[in-house]
Amino acid sequence: MAIGQVKDVERGEINVLGDLEKPLIEEENVVVYEKNDEGAAADSGSIWMVLLCTFVAVCGSFEFGSCVGYSAPTQSAIMEDLNLSVAEFSMFGSILTIGAMIGAITSGRIADLIGRKGAMRMAACFCVAGWLAVYFSKGALSLDVGRFSTGYGIGVFSFVVPIFIAEIAPKNLRGGLTTLNQLLIVTGASTAFLIGSVISWRALALTGLIPCVLLLIGLFFVPESPRWLAKVGHYEEFHIALRKLRGENADITEEAAEIQEYIETLQSLPKAKILDLFQRKYIHSVIIGVGLMVFQQFGGINGIGFYASEIFASVGPSSGKIGTIAYACIQVPITVVGAMLVDKSGRRPLMMVSAAGTFLGCFMAGTSFYLKAHDLLLGWVPVLAIGGILFYISFFSIGMGAVPWVIMSEIFPINVKGVAGSLVALVSWLGAWIVSFTFNFLVSWSSSGTFYIFSAFSLLTVLFVAKFVPETKGKTLEEIQACINS
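In this text the structure is predicted, and so the values were computed from the model without any measurement.

1. Structural notes on the nonpolar core
Argument step 1. Counting 114 residues, the largest nonpolar core has L292 and F451 as its most contacted members.
Argument step 2. A per-element tally of this core places helix α4 (residues 86-135) first, with 15 residues.
Argument step 3. If near-sequence neighbours (up to four positions away) are discounted, L292 is found in contact with M351, P404, I407, M408, F464, V465 and V469.

2. Describing the pattern of salt bridges
Argument step 1. A full pass over the atoms with the stated rule returns two salt bridges.
Argument step 2. A salt bridge links R116 to D112; its shortest N-O distance comes to 3.4 Å. Of this pair, R116 and D112 both sit in helix α4, separated by four residues, roughly a single helical turn.
Argument step 3. The class for D112 is buried, based on a relative accessible area of 9%.
Argument step 4. For the salt bridge of E167 with R116, the shortest nitrogen-to-oxygen distance reads 2.8 Å.

3. As for the environment of T253
Argument step 1. Inspection of the secondary structure assignment puts T253 in helix α11 (residues 253-268).
Argument step 2. As for T253 and H239, which are separated by 14 residues in sequence, their C-alpha atoms are 9.1 Å apart.

4. Focus: the environment of Y452
Argument step 1. In this structure, Y452 sits in helix α20 (residues 447-468).
Argument step 2. Of the residues examined, Y452 reaches a relative accessible area of 27% and is grouped as partly exposed.
Argument step 3. As for Y452 and A365, which are separated by 87 residues in sequence, their C-alpha atoms are 8.4 Å apart.
Argument step 4. Every residue in contact with Y452, bar those within four places of it in the chain, is listed here: F363, G366, T367 and Y370.
Argument step 5. Side chain to side chain, Y452 and T367 meet in a polar contact 3.2 Å long.

5. Observations concerning unusual backbone geometry
Argument step 1. Backbone geometry at N83 places phi at a positive 55°, although glycine is not the residue there.
Argument step 2. Note on placement: N83 falls in the loop between α3 (71-81) and α4.
Argument step 3. The phi angle at D375 is positive, at roughly 55°, despite the residue not being glycine.
Argument step 4. Residue position: D375 is located in the loop between α16 (347-373) and α17 (381-400).

6. A look at a nonpolar patch on the surface
Argument step 1. Nonpolar side chains collect at one region of the surface, where L52, F55, I210, V213, L214, I217, F220 and F221 lie side by side and expose about 830 Å² of accessible area between them.
Argument step 2. Those elements that provide at least two residues to the nonpolar patch are α2 (44-69) and α8 (209-218).
Argument step 3. Broken down by element, the nonpolar patch gets its largest block of residues, four residues, from α8.
Argument step 4. The residue I217 is located in helix α8 in this model.

7. Considerations on the confidence of the model for the protein
Detailed conclusions should not be drawn from predicted coordinates in areas where pLDDT is low.
Argument step 1. Predicted confidence across the protein gives a mean pLDDT of 82, with 85% of residues reaching 70 or more.
Argument step 2. Below pLDDT 50 for its whole length, residues 3-44 participates in 175 contacts with residues either more than four positions away or in separate chains.

8. A closer look at the environment of I114
Argument step 1. Within the secondary structure, I114 is located in helix α4.
Argument step 2. Residues I114 and W228, spaced 114 residues apart in sequence, show a C-alpha to C-alpha distance of 9.6 Å.
Argument step 3. Other than its neighbours up to four places away in sequence, I114 contacts A119 and W228.

9. Things to note about the packing of α3 against α4
Argument step 1. For the pair α3 and α4, the least separation of the axes is 11 Å and the interaxial angle reads 145°. Of the two possible hands of crossing, α3 and α4 adopt the one that is right-handed. Contact with α3, carried on its side by S71, Q75, I78 and M79, involves V86, F89 and F92 of α4 and no other residues of that element.
Argument step 2. Residue composition of the contact of α3 with α4, grouped by class: five nonpolar, two polar and no charged.

About the thresholds
- Residues numbered from 1 in each chain as written.
- Predicted model: local features only at pLDDT ≥ 70, side-chain atom pairs only at ≥ 80, totals over all residues.
- Heavy atoms only, no water.
- Core = buried A, V, L, I, M, F, W, Y, C linked by side-chain atoms within 4.5 Å.
- Buried < 20%, exposed > 50% of the residue type's maximum accessible area, 1.4 Å probe, protein only.
- Helix = DSSP H or I, 4+ residues; strand = E, 2+ residues; numbered from the N terminus.
- Contact = heavy atoms within 4.5 Å.
- Salt bridge = Lys/Arg side-chain N within 4 Å of Asp/Glu carboxyl O.
- Polar contact = N/O pair within 3.5 Å; in protein donor to acceptor, adjacent residues only side chain to side chain.
- Patch = residues over 30% accessible without salt bridge, like charges linked within 9 Å, V, L, I, M, F, W, Y side chains within 5 Å.
- Areas by Shrake-Rupley, 256 points an atom, 1.4 Å probe, with all protein chains shown as cover.
- pLDDT = per-residue confidence, 0-100.
- Axes fitted to C-alpha atoms, helices over the stretch in contact; angles between N-to-C directions.
- Left-handed = near helix turned anticlockwise from the far one by under 90°.
- Nonpolar A, V, L, I, M, F, W, Y, C, P; charged D, E, K, R; others polar.

Quick look at the structure:
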């Protein structure tokens, strides 16, 4: 899934009121004002506390993936058991993104008001309530209420989990720990796909409670973010939390002073408004950011991801489970490969290769449905459909899923990054809802035509990246701005 919020935590612009945070991929270095010897100073006890904090937080990431992956393996069973129409199930599938959009928009203020741990507790409670509503559902209304509630919860998780990890991790561990956020999202979705193919939809809803329970229990044993404590003026608790995270023998004086200085600097910055983004000096960055989100979403990822099982089943009874299991198994290793390549191959070539691959995958799937509709080469229909979808998700995961959000963290200047992240995130969630809601209607109109439309957007993505998107690998923010405005 490639929907989320973004802001440049690499440069330290963390936790501005009303800002949004990208949940799905973070940069390798995430907070400024770090001591160079910070990693050496931390003792083994503090490392275990940081790891525990990260494990607890990424339970929210796993929950995110579980919610996203729920609708695909359960579509036929829910529609049959509750006698839902295509329109009703499309609303059930897509209303998750509406809840997530609202959760993401409000999450910054919530995390500032009640803290990172408080925000995660609240998000987990929304998810628990949502799963219980789905489990006990007797009709479309309670299904939608439950799905919306889980959507709101994962919208909050999408902000607060990467922020919390970024704010508690030492420099030498931060790169690896922040990649766990995206990895656990994909793992959660894949797990839902796999388990959902062998258990009932009600039982699958109950499995969504497990990461929430683990998170709620774990939060009792981990400290609050020291940076949030410093921001709200709880200086005694701030030093206690930082000491727990860095170790009893670590010298935290310099880091504590730098955190307080950074917070004072951040609070002194003027607050940008959304209309400021349309000034000439920012408009190119806005075009790049919004354009990448439009092409990412309208390439069809949320339609294909939300309803993958039915896509596979529609080309043959035996293809449903085989395709779903293969889809689930391929996401995690491919996501790991993509994370390894982003700083080696560069952003532009990775996105262009990824978009070319999604074009080919959608074209193969569209061709399979065209052949089926015209009773041509029927033996090739399942091969082309399953192969096309797997080809699509592989190439999407390796580039277009993550890299646009990496680009987002690099192209906007610090003074507009928060409001720009809000705009880009809103476009992303809105696109996710449009695609996930209309997908079943488009397939009813023409299965082949739907995938040919997605393939056309993928082809346009290649052209858009080649024309408008600069290479940002290895460049400072100042160099990137000079390149964009040249």
